[in-house]
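# Structure at a glance
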Amino acid sequence: MFNSLSQWNNTFPQIQSLVEIEKDLQAKQTRWQQQEQKLSIGIMGQVKAGKSSFLNALLFAGKPILPEAATPKTANLTKISYGDAFTLRVDYYTEQEWQEIQHIAQSGADTIEGKVSQELIAMANKLNSDEIQRCLSIGCESVIAEDLDGLQGILNQYTGSDGSHTPLVKSTEIELPIDDLKGFEVVDTPGMNDPVASRTQKTREYMANCDVVFFLSRSSQFLDKSDDELLRDQLPNKGVKRLVLVGGQFDSAILDDGYDRDSLAETEQNLKTRLTRVAVTKANELADRKMATDDNQHALLIESLANPVFASTFAYGFAHWPQDQWTKTMQHVHNELLELADDEWDEYEYTQQDWQRLANFEALQQAFDQAKHDRSELLEQQKRSILPDSYKRMNTQLLSLAESIKQRIEFLQSKDIADIEKEQQGCEVKLASIAAVLSLTLSQARNNAQQQASELLSQLKQDQISFSQLSTRTGTRTEERSREVSTSKWYNPFSWGDTRTVYSTYTVSYDYLNPHDAIEQVNRYGAQSSQQIVNAFGKLISSDALKLSLKKALLNELDTKSEDFDPIMFRAMLENALSQLELPRFDLQLGDTTSLISANFSGEVTSSGDMDTLRSQLNKALEQVLAKIQAEFTKQFDLAVKQLKDIEISLSQSLTQNINQQLDDMKLQIANKQQEILRFDSLLSEVAVMEKDVTDNLQRVS
């Protein structure tokens, strides 16, 4: 419908939006032309939100079919559906996409994208060049296994963190001869914080046809900035008809909060109350931004986010899986939970009911089964809403486009070349002040970030005191002692003076320090400090906040009463330039921070001298953690400052170039004023026809 408008793409940004809406509509209609419509259930969340382990527990009774502990470099979209055989279909990067990854890696950029690209290249180099070329050239291939175990082994080679072909894989599809999957497809998405652009695009394409979403957010970092961006970018505009918010990894939140509570019950209640309050606040914030396109979607968003389900895959495993099937991470978390209960809750012992309650998989299974049960209804809702939703979005863009065309016609009718030259002189003055505003706004952002980050680093120094405290534990051991007992008999003079040794045992209590406690203190300090820094950075140099600040400042500059300058024509261009800004991201990796302790201590530390040494090593390890954080923060902050300065220069140059080009184009248009007005009138008439068609279609399908 909108292809005839393509010649105006560079003049009116609404046209590109219309083309994208139409493509989205065509993709959805193609889906409904298929003989069988599958209900699409998406598992969404950030990289490392626990999506794969969640699906393993939900679909495969905990069997690790989908490789867990995905990292940004190995994450990819995995679709699971019914098939006649155990089949894996692999979608490789194209040669062009791989060249882009190589280009980013070779640039040496010290960014998340740069690091991940370098890691992918390093992993791929373990394969011979012929195999790499084969994979990139064929695009996709299928592998069939005899059973689920065989498929698991194959899958690890293509999606595992150390898989031989993992770095070349963009997405995978798994078909399983499991009747429960008939009529459905379940997708484990890599998360929109995936730094590889082509994989993120694959996820976006899938989300356009997703019906039900289980959105996973780590309970320990519940609905943080990255989750907020993911929700805002993808839901519910793409047509999702049901949303289930899952506060995953609830066990980690128990460990964070439990040391301040008197019991497991109090810890659970406090966490659920506090995190639900966070979810309600987030739901209202997103609704206030008018993220949804109609009242029904607003209701879906608020109701879904305000009723989170808190769950723990590990607790599910503790309740249902033999201990020899636990991963090392599961075993570690289990030990920490036991120690927490022993130290803080009067040696409380977890019950089977505790693990099942913390797992809360009954609620998740119920939501999952309900979605499958409602398959026909949800598909019908989706089918009914495709056209109305698309037409509403088209109508909004067409109305905006018509207004822009009218402004252009009015501008041409009221101006001549002398006016434009006068405008250009006024514009040059404004561009100078715009450059100053850009510099001031970004400089303030940098200075505020530096000041608040310095204060936070000072606070982290103070936090060391609490983490440097090690509590002694009380242990018991059995000792043996002996004494001599007389065996003399009064009636036997020859036995007088005889004795025998009698042995007895007794229990001795003693105090000791556990090196694991020190290691855990260091790990917790590092994790907590890193997260505080990352969260603070996200707030200090927030993409949304900074763009809004720039937009307000620049529009204030353009909104002038001067007769020499008319800002109306430049606002759309300005907003479009700001929307495309790529602002810096922040990531903090500390590496191993506990080797100082683990290399020198094991078992119980009982002597006072060794205890003093352990405490000293703990303090040194904490100092090393803070030093690493300070060094890494300084490095990445300096990089962010450089990026902001580059943005300042490039944005100013881009605005100058675009506005001058716009003014030059207007001179040409005014030189042919009548002809240009006729062209714009013709375009306006064409848009009016499209607008009527869309409105008629909307009324017909509503």
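Right, let's walk through the structure included here. Note that the structure is predicted; figures quoted are calculated from it, not measured. (Residues numbered from 1 in each chain as written. Predicted model: local features only at pLDDT ≥ 70, side-chain atom pairs only at ≥ 80, totals over all residues. Heavy atoms only, no water.)

What follows is about the overall build of the protein. In terms of helices and strands, the protein carries 23 helices and eleven strands. Within the protein, buried positions represent 49% of all 702 residues. Partitioning the intrachain contacts of the protein with sequence separation of at least 6 by distance along the chain shows that 81% fall at a separation of at least 24. Carbon and sulfur atoms form 46% of the exposed surface of the protein, whose accessible area is close to 34,600 Å². (Helix = DSSP H or I, 4+ residues; strand = E, 2+ residues; numbered from the N terminus. Buried < 20%, exposed > 50% of the residue type's maximum accessible area, 1.4 Å probe, protein only. Contact = heavy atoms within 4.5 Å. Areas by Shrake-Rupley, 256 points an atom, 1.4 Å probe, with all protein chains shown as cover.)

What follows is about the packing of helix α12 (residues 313-320) against helix α13 (residues 328-344). Running from N to C, α12 and α13 point in directions that differ by 85°, and their axes come no closer than 10 Å. Classified by the angle between their axes, α12 and α13 sit roughly perpendicular to one another. Listed contacts from α13 to F314, G317 and F318 of α12 are T329, M330, V333, H334 and L337. Taken together, the residues of the contact of α12 with α13 break down into five nonpolar, three polar and no charged. (Axes fitted to C-alpha atoms, helices over the stretch in contact; angles between N-to-C directions. Parallel < 35°, antiparallel > 145°, perpendicular 65-115°, else oblique. Nonpolar A, V, L, I, M, F, W, Y, C, P; charged D, E, K, R; others polar.)

Let's shift gears to a nonpolar patch on the surface. Residues W490, Y491 and W496 make up a contiguous nonpolar surface patch of about 510 Å² in total accessible area. Position of Y491 relative to the elements: it lies in the loop between β10 (473-486) and β11 (499-512). (Patch = residues over 30% accessible without salt bridge, like charges linked within 9 Å, V, L, I, M, F, W, Y side chains within 5 Å. Salt bridge = Lys/Arg side-chain N within 4 Å of Asp/Glu carboxyl O.)

Attention now goes to the pattern of salt bridges. Going through the model one piece at a time under the given rule, you end up with 13 salt bridges. The partner of D257 in a salt bridge is R261, with the nearest N and O atoms 2.9 Å apart. The class of D257 is buried, set by a relative accessible area of 7%. For R261, a relative accessible area of 21% translates into the label partly exposed.

This part takes up a positive patch on the surface. Together, R481, R483, K489 and R500 make up a region of like positive charge exposed at the surface. Inspection of the secondary structure assignment puts K489 in the loop between β10 and β11. By relative accessible area, which is 42% here, K489 ends up partly exposed. (Lys, Arg positive; Asp, Glu negative; His and termini not counted. Charge placed at Lys NZ, Arg CZ, Asp CG, Glu CD.)

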